[in-house]
Amino acid sequence: NAGVTQTPKFQVLKTGQSMTLQCAQDMNHEYMSWYRQDPGMGLRLIHYSVGAGITDQGEVPNGYNVSRSTTEDFPLRLLSAAPSQTSVYFCASSYSTGAVNSPLHFGNGTRLTVT
Amino acid sequence: GESVGLHLPTLSVQEGDNSIINCAYSNSASDYFIWYKQESGKGPQFIIDIRSNMDKRQGQRVTVLLNKTVKHLSLQIAATQPGDSAVYFCAENIRTGGFKTIFGAGTRLFVKA
């Protein structure tokens, strides 16, 4: 199993550009989520999904869109990049459901710089 | 609001000593708590978890304690080793119909040889 795979590893954008961060998992996990991690801070939840076709907002959703058309993939879209979105982005998945608790499995992150 | 926080941002310990990392949480409805370790340039990795119906759980060299009365979580690392140097995060699962996982700010552990 590859686990959680994020692409790209690094990305530089100009203000106003759009892009999609890819996330795929091969563990058949229902739950997937996106976090951003700024220097000296913890991980803040952007969006999450409890299953295909279902998404919800986290703590910092503004400026980001997600969709979940398959169980395996959970892309994160930046519609118009801003310098405040410079951060490291982590995708995570879990076996957890509404009745079962399980820890998150993380990808290795995408380091995004917006100039 | 919902938050999971840490008392100490950095912790420096001597190799071989025990380490204790603390965490305060605010959502009394959370039913699952997790500790993660993050090494430089990598994503967080699961260390140990505990459900709200327990107050202590032990793993290999690690123990998690949960005090629901004061909403406090701690991670104890026995015989700390240089390889334990990392940032440690506590996290909680908050039920939202589904659920979501919220993280604390993290504690950086330095192990002195």
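Now for a description of the structure that goes with this document. Keep in mind it's a predicted model, so treat the numbers as computed, not measured.

### Overview of the state of the cysteines
Residue and element names in this part refer to chain A.
Next up, step 1: Throughout the structure, instances matching the rule amount to 2 disulfides over all chains.
Next up, step 2: Here C23 pairs with C91 through a disulfide, and the sulfurs are 1.9 Å apart. Between C23 and C91, the disulfide has an S-S torsion of -75° and is therefore left-handed. Remark: C91 occurs in strand β9 (residues 87–94) and C23 occurs in strand β3 (residues 19–25); sequence separation between them is 68 residues.

### Re the packing of aromatic side chains
Next up, step 1: Inspection of the entire model under this criterion finds 11 aromatic pairs over all chains.
Next up, step 2: With 5.8 Å between their ring centres and 85° between their planes, F106 of chain A and Y36 of chain B make a pair best called edge-to-face. Placement of the pair is F106 of chain A in strand β10 (residues 105–106) and Y36 of chain B in strand β4 (residues 32–38), with the two residues belonging to separate chains. Side by side, F106 of chain A and Y36 of chain B carry an identical accessibility label, which is buried.
Next up, step 3: Taken together, a centroid distance of 4.6 Å and an interplanar angle of 50° make the contact between Y25 of chain B and F33 of chain B tilted.
Next up, step 4: Taken together, Y35, F90 and F106 of chain A together with Y36, F89 and F103 of chain B form an aromatic cluster joined through their ring pairs.

### Looking at the interface of chain B and chain A
Next up, step 1: Tallying the contact residues gives 24 residues for chain B and 22 residues for chain A.
Next up, step 2: Applying the counting rule to chain B against chain A returns 0 salt bridges.
Next up, step 3: Run the count over chain B and chain A and you get 6 residue pairs in polar contact (both at pLDDT 80 or more).
Next up, step 4: Where the side of chain B that touches chain A is concerned, the elements lending two or more residues are β4, β5 (45–51), β9 (86–95) and β10 (99–103) of chain B.
Next up, step 5: Top element by residues in the side of chain B that touches chain A is β10 of chain B. It accounts for 5 residues.

Criteria and thresholds
- Residues numbered from 1 in each chain as written.
- Chains lettered and ligands numbered in written order.
- Predicted model: local features only at pLDDT ≥ 70, side-chain atom pairs only at ≥ 80, totals over all residues.
- Heavy atoms only, no water.
- Disulfide = S-S within 2.5 Å.
- Helix = DSSP H or I, 4+ residues; strand = E, 2+ residues; numbered from the N terminus.
- Phe/Tyr/Trp six-rings, centres within 6.5 Å; stacked < 30°, edge-to-face > 60°.
- Buried < 20%, exposed > 50% of the residue type's maximum accessible area, 1.4 Å probe, protein only.
- Contact = heavy atoms within 4.5 Å.
- Salt bridge = Lys/Arg side-chain N within 4 Å of Asp/Glu carboxyl O.
- Polar contact = N/O pair within 3.5 Å; in protein donor to acceptor, adjacent residues only side chain to side chain.

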